[in-house]
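As a plain string of letters, each chain reads:
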Amino acid sequence: MDAVDAAKPTAPAGSQTLSRGIRVLEVLADADRNLSIDEVAAALGVHRSVAYRLVRTLEEHALVTRDAAGRLALGTGLAALAAGVARDLQQVALPELTEVANELGMTCLIAVLADTEEAVTLLSAAPRQTMTVVSYRPGHRHPITRGGPGKAILLAMPESSWPDDVPEALRAEIAESRARGYALSHDEVVPSLRSVAVPLTLPGQPPAAIAVIHVSMPRPEAEIAERLAAAARAVSRSYGA
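Residues numbered from 1 in each chain as written. Predicted model: local features only at pLDDT ≥ 70, side-chain atom pairs only at ≥ 80, totals over all residues. Heavy atoms only, no water.

Section: the overall build of the chain
Counting its regular elements, the chain contains eight helices and eight strands. Among the 241 residues that make up the chain, the fraction classed as buried is 44%. Relative to all contacts within the chain whose residues are 6 or more apart in sequence, the contacts with residues 24 or more apart total 54%. Accessible area for the chain stands at about 12200 Å²; split by element, carbon and sulfur atoms hold 53% of it. (Helix = DSSP H or I, 4+ residues; strand = E, 2+ residues; numbered from the N terminus. Buried < 20%, exposed > 50% of the residue type's maximum accessible area, 1.4 Å probe, protein only. Contact = heavy atoms within 4.5 Å. Areas by Shrake-Rupley, 256 points an atom, 1.4 Å probe, with all protein chains shown as cover.)

Here's the deal with the packing of helix H2 (residues 37–44) against helix H3 (residues 48–60)
Running from amino to carboxyl end, H2 crosses H3 at an angle of 105 degrees, the nearest separation of the two axes being 9 Å. In terms of orientation, H2 and H3 fall into the roughly perpendicular class. Along the contact surface, H2 presents Ile37, Asp38, Ala41 and Leu44, while H3 presents Arg48, Ala51, Tyr52, Leu54 and Val55. Residues that form the contact of H2 with H3 fall into these classes: seven nonpolar, no polar and two charged. (Axes fitted to C-alpha atoms, helices over the stretch in contact; angles between N-to-C directions. Parallel < 35°, antiparallel > 145°, perpendicular 65-115°, else oblique. Nonpolar A, V, L, I, M, F, W, Y, C, P; charged D, E, K, R; others polar.)

Section: the packing of helix H1 (residues 16–30) against H2
Across the interface, H1 lies against H2 with an axial gap of 10 Å and an inter-helix angle of 115 degrees. Between H1 and H2 lies a crossing of right-handed hand. Packed against H1, whose contacting residues are Arg20, Arg23, Val24, Val27 and Leu28, the element H2 presents Val40, Ala43 and Leu44 at the interface. Along the lines of polarity and charge, the residues of the contact of H1 with H2 split into six nonpolar, no polar and two charged. (Left-handed = near helix turned anticlockwise from the far one by under 90°.)

A closer look at H3
Taking 1.5 Å of rise per residue, 13 residues should cover 18 Å, and H3 covers 18 Å from first to last C-alpha, within 8% of that figure. Close packing links the buried residues of H3 with H1, H2, strand E1 (64–66) and strand E2 (72–74). Two residues or fewer after H3 comes Ala62, characterised by a positive phi angle close to 60 degrees. (Expected span 1.5 Å × (residues − 1).)

A few points about unusual backbone geometry
Its identity as a non-glycine residue notwithstanding, Asp187 has a phi of 70 degrees, on the positive side. Relative to the helices and strands, Asp187 is located in the loop between strand E6 (183–186) and strand E7 (194–200). Residue Asp187 is classed as partly exposed on the basis of its relative accessible area, which comes to 45%. One non-glycine residue with positive phi stands out, namely Ser192, at about 80 degrees. Tracing the backbone through its elements, the reader meets Ser192 in the loop between E6 and E7.

Notes on H2
The set of residues buried in H2 consists of Ile37, Val40, Ala41, Ala43 and Leu44. Axial view of H2: buried residues confined to an arc of 160 degrees, hence all on one face. Looking at the residues trailing H2, positive phi occurs at Gly45, about 75 degrees. (Arc of directions from axis to C-beta.)

Focus: the pattern of salt bridges
Taken as a whole and judged by the stated rule, the model has 15 salt bridges. Taken together, the shared-partner salt bridges in this structure form one network comprising Glu96, Glu99, Glu103 and Arg227. (Salt bridge = Lys/Arg side-chain N within 4 Å of Asp/Glu carboxyl O.)

Focus on the nonpolar core
By size, the foremost hydrophobic cluster in this structure holds 31 residues, and its most contacted members are Val196, Ile210, Val212 and Leu228. Within the residue set of this core, elements represented by two or more residues are helix H5 (87–104), strand E3 (107–114), strand E4 (118–125), E7, strand E8 (208–214) and helix H8 (221–239). Setting aside anything within four residues of it in sequence, one finds Val212 in contact with Val100, Leu104, Met106, Thr107, Cys108, Arg194, Ser195, Val196, Ile224 and Leu228. Formed by 23 residues, the second largest nonpolar core is a distinct cluster that contains Leu109, Leu113, Val190 and Ile213. (Core = buried A, V, L, I, M, F, W, Y, C linked by side-chain atoms within 4.5 Å.)

Structural notes on the sheet that holds E7
One open sheet accounts for six strands, arranged E5-E4-E3-E8-E7-E6; its pairing is antiparallel. For this open sheet the edge positions go to strand E5 (141–143) and E6, each flanked by a neighbour on one side alone. Taking the axes of each pair of neighbouring strands and ignoring which way they run, one obtains an average angle of 30 degrees across the sheet. Where E3 and E8 come together, six bridges link them in antiparallel fashion. Along E8, the bridge assignment pairs Ala111 with Ala209. (Pairing = 2+ DSSP bridges.)

Describing the environment of Arg66
Examined against the element boundaries, Arg66 turns out to sit in strand E1. Residues within four places of Arg66 in sequence aside, it is in contact with Ile37, Tyr52, Val55, Arg56, Glu59, Arg71 and Leu72. Within the local environment of Arg66, its side chain forms a polar contact with the side chain of Glu59, the two groups lying 2.7 Å apart. (Polar contact = N/O pair within 3.5 Å; in protein donor to acceptor, adjacent residues only side chain to side chain.)

Honestly, it's all geometry; don't read function into it.
So, in structure tokens, the structure goes:
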């Protein structure tokens, strides 16, 4: 998974504890395994005792849990919070994502623009019957300049709204992607994973994308993109576009 970026902007003194608590959740969400207290402290750049107090508070609210070895993972309390995030979109989109995932045998997800420079996974669906299932949890973040979902979001944005540091090679790639109508990635966010993604337009919502991810492409990329585009249109219609 992506390396954790501890160099976040410093929060005002009055909100520092809250900010650090949120960072603990982000660190655990980005990790591909359960983490120790020491690893969480290192990711936050704080002393172990500070990380321990943060974790204890999050545990009290069931937002963080521990496995048998004492390592940390996201807790079940987050499910209740997540259920209220873009509830209408989740209700209309999840059946469509599930259908695409089962039809293609690949994990299907929706990612949305967050903080102007990141794509965050809002919801995902894994296929029921497949030899290889790729888990991609809601809340996962990565720069919009990397990965199929991020680049599909760039497709839907005017270049004037892109991050300032988009390299010329990526600008050329996005131009090619816009011409064919979909974005591709390989090995950009998670090692060995491939992605096909298309833009998703939702009224009153930030730019978004529908994507599939897998270790291989079981069908031609253009065929996969065509199915994703149909899913994007269905979700948009159901959402009121």
